[in-house]
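Observations on the three-dimensional arrangement
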Amino acid sequence: MVKRTILAILLAAPLFAFAQNIKLGKVDQKALFDAMPEKVAAEAQIKNLSEQYQKEYNLLRAEYNRKYADFQAIAIDNKTPGTIKERRMQELQENNQKIELFMKNTADDLKKKEAELIDPLKKRIADAVKQVGDEGGYIVILDVNDPKVAYMSSMFEDVTPQVTALLNATNQ
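Residues numbered from 1 in each chain as written. Predicted model: local features only at pLDDT ≥ 70, side-chain atom pairs only at ≥ 80, totals over all residues. Heavy atoms only, no water.

**What to know about helix α4 (residues 82-136)**
The α-helix winds at 3.6 residues per turn, so residues separated by three or four positions along the chain end up facing the same way. Basically, it comes down to this: Runs of E in the DSSP output that reach at least two residues are strands. Runs of H or I that reach at least four are helices, and both are numbered from the N terminus. Under the convention used throughout, the expected extent of a helix is 1.5 Å for every residue step, that is, one less than its residue count. What the bend at a residue measures is the angle between two axes, fitted to the seven residues ending there and to the seven starting there. Note on classification: 1.4 Å probe, protein chains only; a residue is buried when its accessible area is under 20% of the maximum for its type, exposed when over 50%, partly exposed between these limits. Should any heavy atoms of two residues lie within 4.5 Å, those residues are considered in contact.
Taking 1.5 Å per residue, 55 residues should reach 81 Å; α4 reaches 79 Å between its end C-alpha atoms and fits that length. Most pronounced at I118, the bend in α4 amounts to some 30°, and the proline P120 follows within four residues. Buried residues of α4: L92, N95, I99, F102, T106, L117, I118, L121, I125, V129 and G133, and no others. Among the structural elements, β1 (24-27), α2 (29-35), α3 (37-75), β2 (140-143) and β3 (149-152) are those in contact with the buried residues of α4. Among the residues trailing α4, G137 stands out with phi positive, at a value near 70°.

**Focus on the packing of aromatic side chains**
Note the following rule: Only centres within 6.5 Å qualify two rings of Phe, Tyr or Trp (six-membered ring in Trp) as a pair; their planes then separate them into stacked at under 30 degrees, edge-to-face at over 60, and tilted for everything else.
By the definition in use, this model includes two aromatic pairs. Judged by centre distance (6.0 Å) and plane angle (75°), the rings of Y53 and F102 are edge-to-face. Of the two residues, Y53 is situated in helix α3 and F102 in helix α4; the sequence distance between them amounts to 49 residues. Under the relative-accessibility criterion, Y53 is labelled buried at 19%. Between Y64 and Y68, the aromatic rings sit 6.3 Å apart at their centres with planes inclined by 10°, giving stacked as the arrangement. In this pair, Y64 and Y68 both sit in helix α3, four residues apart, roughly one turn of the helix. On the accessibility criterion, Y64 (17% relative accessible area) is buried.

Honestly, it's all geometry; don't read function into it.
Here it is as structure tokens:
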């Protein structure tokens, strides 16, 4: 009986030792991002660019509103020839198209600028989390703000083939 107990303890000891080495972690990547000094500079650049685009949009819109007011004045005037009215209407349509194109280009430019300035900061955070995970012996590090895994050790085995086989067997 004593031999069985000792044997059971000896067999279970490695399992307990392994279980104690499992390290899980959590990280707040949003807080890390917010704490980066480069974030403030990047956001200031994006805000400055956005304000420049807003000023230009306001100028385009003011020009459109002026032309629209002029058009309304001649539209009700019976003495104004139809060709002039048509030309003014065409100018309004062209101005509206300019504004729409400007807004699209502005949105694209702001998106590109944000990717240019913000993405490298996010990559630095991800690289730092990976380094901490590798050096600290963590199995998994979860982001507290996002349901995704921030870091996963190479010790994980991909069980997709087994699950696929099980689903195919079930689906037949």
